[in-house]
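# Tertiary structure, described
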Amino acid sequence: MQESIQYKIFKVFNVFILLVIVFCTLYPFLNVVAQSFSSEAYISAGEVNLIPKGFNIETYKTVIEDRMFWINYKNTVVYTVVGTGISMFFTTIFAYALSKRRLVGRRFLTLFAVFTMFFNGGLIPNYLLINNLGFHNTIWAIVIPGAISIYNMLIMKSFFENMPDELEEAAAMDGMNTYGILLKIVLPLSKAVMATMVLFYAVGHWNSWFPAFLYLDQKDLFPVTIYLRNMIAGATGGAATGATSADNLIQISANIKSVTMVLTILPILTVYPFVQKYFVSGVMLGSVK
Amino acid sequence: MAGIDKARNAHVFTEVKMRKLTRLRTVIRKDWQLYSLLLLPLIYLVIFKYGPMIGNVIAFRRFVPGGHLFGEEWVGFHYFKMFINDPTFWKVFTNTLMLGGLTLLICFPMPIIFALLLNEIKAKKFKKFVQTASYLPHFLSIVIVAGMILQLTALNGSINVIVEFFTGEKINFIQQAEWFRTIYITSDIWQGMGWGAILYLAALTTIDDSLYEAAKIDGANRWKQTLHITIPGILPTIITLLILNIGSFLAVGFEKILLIYNPLTYETSDVISTYLYRVGLESSNFSYATAIGLFESIIGLVLILTANGISRKLTERSLW
């Protein structure tokens, strides 16, 4: 073919461009890791890019020994586990009920839910509501307001809709009730979509900071994202004060920030290679709708 | 006569109504377990989604902190007039339009281009490697992203190493208003490009291979094939995502901006949502902030309805 030379040149270029993209995507991660192992002097001289300079793990020790960091870290784990559990329960029962064609008012109820995706109450009315419910400084302010993601619910609903009716009918014939069918027949057949949803919700909770920022003001309730946010915002976190001789607080914190970031990303990075395929299939499921 | 008719009509009417009610009752009695599943989710929606919508009423009523949840007295459009006469509001409105517009113009096409480039790669392992790397930023907390942005753009950060090499000077990116938009858009591309490409890549796999074969026989080169087969093939996906993006046009990355902006960059970085955050939660001017928020939400709703309507007319594709 005549154009094959041009196409070959394009292909070489293409690989090059994609490699540049990959490099740019990964660079910030590598940079953070490099800084976390470097000594502050080299960081503030602008000499740490991809390779650690003045190797030190002292800062890791400082952060790991900071009691507040672990309290906050534990809070993140608790919020993630409880929040994901609540979200899964609500989303599953909602999606299952809406997936049944015999449900009277199904269309209206779906629209009732979908409308909230396009119009919401706004920051202030939400804030007032949460505080008036007495959720201030409690875990409920973190795990309840965002419990159902309508988007996730729709993905799950279309998954349930595509299940063969015969199985459920047979179970009903055998005298199984709706709860039994959902628990013993439907859920075991929905492992793929359930795993995806758990991951979506869990990552959301793990990464969330704003509700905690709004509704919590006791340090020992903060998730680790707020710990980090306060560091970034320049507030002196527990670790920062512990490590400095009061003179170069800002300089020290560049290194501490990196360490905290690495420790916060670590769980996600560890599970990422294993769960990545679920995320992708989840998005694909969503696109079917 | 008319009186009898009316009476009979009323009778028939109530009978129909009664019959409907009894049918509903039997359905619910037979299937009460299914309906019971709806109970909690509906209570949730009413309280946590529709509740705040009703709470918007304080945009029309004077709210006093510590006072009644729905305000003290009606003030009509007082708070709306307030922001229309507020020069800061118009500044943040312009900033929001700028950031939203740039996002739509620059960040929206990026995943499409990326997906098209990736689609030309035949080596499976390399393709997977590129994809895996490109999704990664999507899974980071926005707090981490903000941390990385601040670190890279710092005076001693990596970007300044390059800048200094070429110009001999360093730029304090994060404290200069003219750099804010560049930082915002670049980081948005970084966060979303790979993840955004997934849907397009999925759409690409559904294109019939025989179309390409036919085009090849007709002498179309790879570029022509892309133009006439590939792009039309993913157009429905593009349109769907475009409608969604137009709908959230004004909802620019509130959390990210809140984390990386500072008074020095307000001139370009302050947007409607950050302004209403400061007015509402830092200055406790709840009614005023609610009015701004309601205005923003209504524009969002109108935009998505319009985009959806236009798309339905022109392309026969719509979200609902």
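The following refers to the structure shown. Here the structure is a predicted model, which means the values were calculated and not measured.

## Observations regarding the overall build of chain B
Looking only at helices and strands, one finds 15 helices and two strands in chain B. In terms of C-alpha radius of gyration, chain B reaches 27 Å, well past the compact-globule figure of 20 Å for 320 residues. Taken along its principal axes, the extent of the C-alpha atoms in chain B is 95 × 65 × 40 Å. Sorting the 320 residues of chain B into buried and exposed places 47% on the buried side. Within chain B, residue pairs in contact and separated by at least 24 positions form 63% of the contacts whose partners lie at least 6 positions apart. With an accessible surface of roughly 16,600 Å², chain B has 66% of that area assigned to carbon and sulfur atoms. For chain B, the distance from the average position of its 29 positive side-chain charges to the average position of its 21 negative side-chain charges is 12 Å.

## Describing empty space enclosed by the protein
Using a probe with the size of a water molecule, rolled over the atoms, empty space left in the structure can be pinpointed. All names here are of chain A. A full pass over the atoms with the stated rule returns three cavities of 30 Å³ or more. Of the volumes computed, that of the largest cavity is approximately 60 Å³. Along its surface, the largest cavity is lined by Thr76, Tyr79, Ile142, His205, Ser208, Ala212 and Pro223. In the lining of the largest cavity, the residues fall into four nonpolar, three polar and no charged.

## Considerations on the pattern of salt bridges
Side-chain pairs of opposite charge can arise whenever the charged atoms involved come near each other. All names here are of chain B. Here the structure, examined in full by the defined rule, presents 10 salt bridges over all chains. With a closest N to O distance of 2.8 Å, Arg222 and Glu120 form a salt bridge. Of the two residues, Arg222 is situated in helix 11 (residues 222–247) and Glu120 in the loop between helix 5 (109–119) and helix 6 (124–135); the sequence distance between them amounts to 102 residues. Taking relative accessible area as the criterion, Glu120 reaches 8% and is therefore assigned buried.

## Brief notes about the interface of chain B and chain A
Each side of the interface is counted separately: chain B has 84 residues, and chain A has 91 residues. Carbon and sulfur atoms supply 78% of the area that chain B and chain A bury against each other, a total of about 8,000 Å² over both sides. One can count one salt bridge joining chain B with chain A. For Asp31 of chain B, the salt bridge identified is with Arg102 of chain A, shortest N-O distance 2.3 Å. If you tally residues by element for the side of chain B that touches chain A, the top one is helix 2 (residues 32–55) of chain B, at 20 residues. Taken together, the residues of the side of chain B that touches chain A break down into 63 nonpolar, 15 polar and six charged.

## Some details on the state of the cysteines
Under the counting rule described, the total for this entry stands at zero disulfides over all chains. For the unlinked cysteine Cys24 of chain A, the closest cysteine sulfur is that of Cys107 of chain B, found at 15 Å. Take Cys24 of chain A: its relative accessible area is 44%, and that puts it in the partly exposed class. With a relative accessible area of 12%, Cys107 of chain B lands in the buried category.

## Structural notes on a positive patch on the surface
Where like charges cluster on the molecular surface, the positive patch consists of Lys8 and Lys11 of chain A together with Lys122 and Lys216 of chain B. Assignment of secondary structure puts Lys122 of chain B in the loop between helix 5 and helix 6. For Lys122 of chain B, a relative accessible area of 60% gives the class exposed.

## Observations concerning unusual backbone geometry
In this model, Asn137 of chain A sits at a positive phi of 60 degrees, which is unusual for a non-glycine residue. In this structure Asn137 of chain A comes out as buried when scored by relative accessible area, which is 18%. In this structure, Ser284 of chain B is a non-glycine residue whose phi angle is positive, near 55 degrees. Mapped onto the elements, Ser284 of chain B comes out in the loop between helix 14 (272–282) and helix 15 (286–315). Judged by its relative accessible area of 38%, Ser284 of chain B is partly exposed.

Parameters and conventions
Residues numbered from 1 in each chain as written. Chains lettered and ligands numbered in written order. Predicted model: local features only at pLDDT ≥ 70, side-chain atom pairs only at ≥ 80, totals over all residues. Heavy atoms only, no water. Helix = DSSP H or I, 4+ residues; strand = E, 2+ residues; numbered from the N terminus. Rg over C-alpha atoms; globule rule 2.2 N^0.38 Å. Buried < 20%, exposed > 50% of the residue type's maximum accessible area, 1.4 Å probe, protein only. Contact = heavy atoms within 4.5 Å. Areas by Shrake-Rupley, 256 points an atom, 1.4 Å probe, with all protein chains shown as cover. Lys, Arg positive; Asp, Glu negative; His and termini not counted. Charge placed at Lys NZ, Arg CZ, Asp CG, Glu CD. 1 Å grid on protein atoms, 1.4 Å probe; cavity = no way out; pocket = protein on both sides within 12 Å on 5 of 7 lines; lining within 4 Å. Points joined across faces, edges and corners; volume = space filled by probe spheres on them. Nonpolar A, V, L, I, M, F, W, Y, C, P; charged D, E, K, R; others polar. Salt bridge = Lys/Arg side-chain N within 4 Å of Asp/Glu carboxyl O. Buried area = accessible area lost by both parts, 1.4 Å probe. Disulfide = S-S within 2.5 Å. Patch = residues over 30% accessible without salt bridge, like charges linked within 9 Å, V, L, I, M, F, W, Y side chains within 5 Å.

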